[in-house]
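Observations on the model geometry
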Amino acid sequence: MSNEKIPYKIYLEEKDLPKQWYNVRADMKKKPAPLLNPATGKPCTAEELSHVFCNELVQQELNETDPYIAIPQEIQDFYKMFRPSPLIRAYFLEKKLGTPAKIYYKFEGNNTSGSHKLNSAIAQAYYAKKQGLKGVTTETGAGQWGTALSMACSYFDLDCQVYMVKVSYEQKPFRREVMRTYGANVTPSPSMTTEVGRKILAEFPETGGSLGCAISEAVEAATSQEGYRYVLGSVLSQVLLHQTVIGLECKTALDKYGEKPDIIIGCAGGGSNLGGLVAPFMGEKLRGEADYQIIAVEPASCPSLTRGTYAYDYCDTGKICPLQKMYTLGSGFMPSPNHAGGLRYHGMSAILSELYDQGLMEARSVEQTSVFEAAQQFARVEGILPAPESSHAIRVAIDEALKCKETGEEKTILFGLTGTGYFDMYAYAAYNDGKMSDYIPTDEEIAKSIANLPKIG
Ligand SMILES: *Cc1c(COP(=O)(O)O)cnc(C)c1O
């Protein structure tokens, strides 16, 4: 089909919305390693996990065999408010770059939370409600997950307790207010409300907090209150599962026009949007039906795939969560304070880690000034102010399109534009003022943090 026929925005009809999530583990011959109980070193049982997570979500977490899992009607209905999300042909960017490549992006910022995180938040809130819980607890770093979860909880009339990394709590008061508007209770972490928070504060009274520390507080809050469970916005296999609506919609939309991406690119923090975007394509790859070049993009300041170690590690600073085998920089790793671009988690989804280890996808790391340069270039022609996280994917999409310009190859590039950057204007200001710098951790720094990995087997 000729290019002219492809509209700027490819929308699907409601009837084309996915009715099932796709579980890529079912098609993996070698599965991701199981979660381990830190106390026993043995794989976590459903019973153990059910103290922390909702029952149905535990089943999804452990399900490695069913390729498709039905999306409950209530969740499908909620999705209809903001899905299908548009798949956009970046004609303006292509023209600006002078590339023969075709560029598509899937835009997930069209909801109040401003990111893809609502896709999983609504599912997790639904299962908590169905179980008859009073509420859920969680952590949030930059605030997108907390915002998405507070929206989902208010929809299902659930209490929502958010531990927000203290520096973000102070730097992003508007994020906090969105959450409070949706009825969430937001606590800066570390706090005096949990034992682990008090312990961390006693040791590091001046700390601005970290995701790993907020996770520990949220888990403690969930397990110490009757009728509460903990929910997480990335990393876990259940979250990747929910995010497959992104990739499934892309596939349907591209199929409509007979288009097939050569390269699929996504930013990678904990791996949920990338995992969701690539899942159906990866499934074809795993089944030997098609081949795609898949690229994970991470910040050079927090390079878990490109410079991390594939090993069991703690998911949180307090070391109370199950151990997960993943590419990790060590749970004590802290990205440098000048790092503004999100994606600061020390580890990576177990599914993506295993796929990467098997050579089924690649990873690149990019420096934040080059990320903001790409963000600005994109914003000026495509009209969307991208989130810094999403802009990592833009960076590599532009790099690949420029390579095509050199070689004359007409490749089709698809990337995930995960959200908008309206709450990241301090970072944009630093870039615009020429005050943003890059920091790449030394091998010694990474080795020091890796030395503290738990000793397993
Ligand atoms: C949270 C977030 C990410 C990174 O999380 P993943 O789980 O790796 O997808 C990327 N972009 C935006 C806009 C986010 O809010």
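Up top you'll find the structure we're talking about.
Scope of this entry: the structure provided in the associated data block. (Residues numbered from 1 in each chain as written. Predicted model: local features only at pLDDT ≥ 70, side-chain atom pairs only at ≥ 80, totals over all residues. Heavy atoms only, no water.)

**Here we look at the overall build of the protein chain**
Broken down by element type, the protein chain carries 18 helices and 15 strands. In terms of overall dimensions, the protein chain is globule-like: its C-alpha atoms have a radius of gyration of 21 Å, near the 23 Å expected for 457 residues. The principal-axis extent of the C-alpha atoms belonging to the protein chain is close to 60 × 50 × 45 Å. For the protein chain, the residues scored as buried account for 63% of the 457 residues in total. Considering only residue pairs separated by 6 or more positions, the protein chain has 77% of its internal contacts joining residues 24 or more positions apart. With the model as given, the accessible surface of the protein chain reaches about 17800 Å², and the carbon-plus-sulfur share is 51%. Treating the 46 positive side-chain charges of the protein chain as one cloud and the 54 negative ones as another, the clouds have centres 2 Å apart. (Helix = DSSP H or I, 4+ residues; strand = E, 2+ residues; numbered from the N terminus. Rg over C-alpha atoms; globule rule 2.2 N^0.38 Å. Buried < 20%, exposed > 50% of the residue type's maximum accessible area, 1.4 Å probe, protein only. Contact = heavy atoms within 4.5 Å. Areas by Shrake-Rupley, 256 points an atom, 1.4 Å probe, with all protein chains shown as cover. Lys, Arg positive; Asp, Glu negative; His and termini not counted. Charge placed at Lys NZ, Arg CZ, Asp CG, Glu CD.)

**As for the site of the ligand**
Near the ligand lie 17 residues; those nearest to it are Lys117, Ser234, Ser272, Asn273 and Thr418. Between an oxygen atom of the ligand and a side-chain N or O atom of Ser234, the distance comes to 2.4 Å. Within the backbone of Gly271, a nitrogen or oxygen atom sits 2.8 Å from an oxygen atom of the ligand. In isolation the ligand has 380 Å² of accessible area, and contact with the protein removes 94% of it. Of the residues that constitute the shell around the ligand, the class distribution is four nonpolar, 11 polar and two charged. (Near = heavy atom within 4 Å. Polar contact = N/O pair within 3.5 Å; in protein donor to acceptor, adjacent residues only side chain to side chain. Nonpolar A, V, L, I, M, F, W, Y, C, P; charged D, E, K, R; others polar.)

**Re the sheet that holds strand β1 (residues 9-10)**
Pairing is mixed in the open sheet, where seven strands are placed in the order β1-β4-β5-β15-β10-β11-β14. If you trace the sheet from one side to the other, it starts and ends with β1 and β14 (362-366), each paired once. Pairing geometry for strand β10 (residues 263-267) and strand β15 (residues 412-417), over three bridges, is parallel. Looking at the pairing, Ile265 lines up with Phe415 of β15. (Pairing = 2+ DSSP bridges.)

**So, the environment of Ser115**
Locating Ser115 in the fold gives a position in the loop between β5 (102-107) and α5 (118-130). Taking relative accessible area as the criterion, Ser115 reaches 5% and is therefore assigned buried. Sequence separation between Ser115 and Thr147 is 32 residues, and the spatial gap between their C-alpha atoms is 9.4 Å. The contacts of Ser115, once residues within four sequence positions are left out, are Glu108, Gly109, Gln144, Thr418 and Gly419. From its side chain, Ser115 meets the backbone nitrogen of Lys117 in a polar contact 3.1 Å long.

Interpretation in functional terms is not warranted from these geometric data alone.
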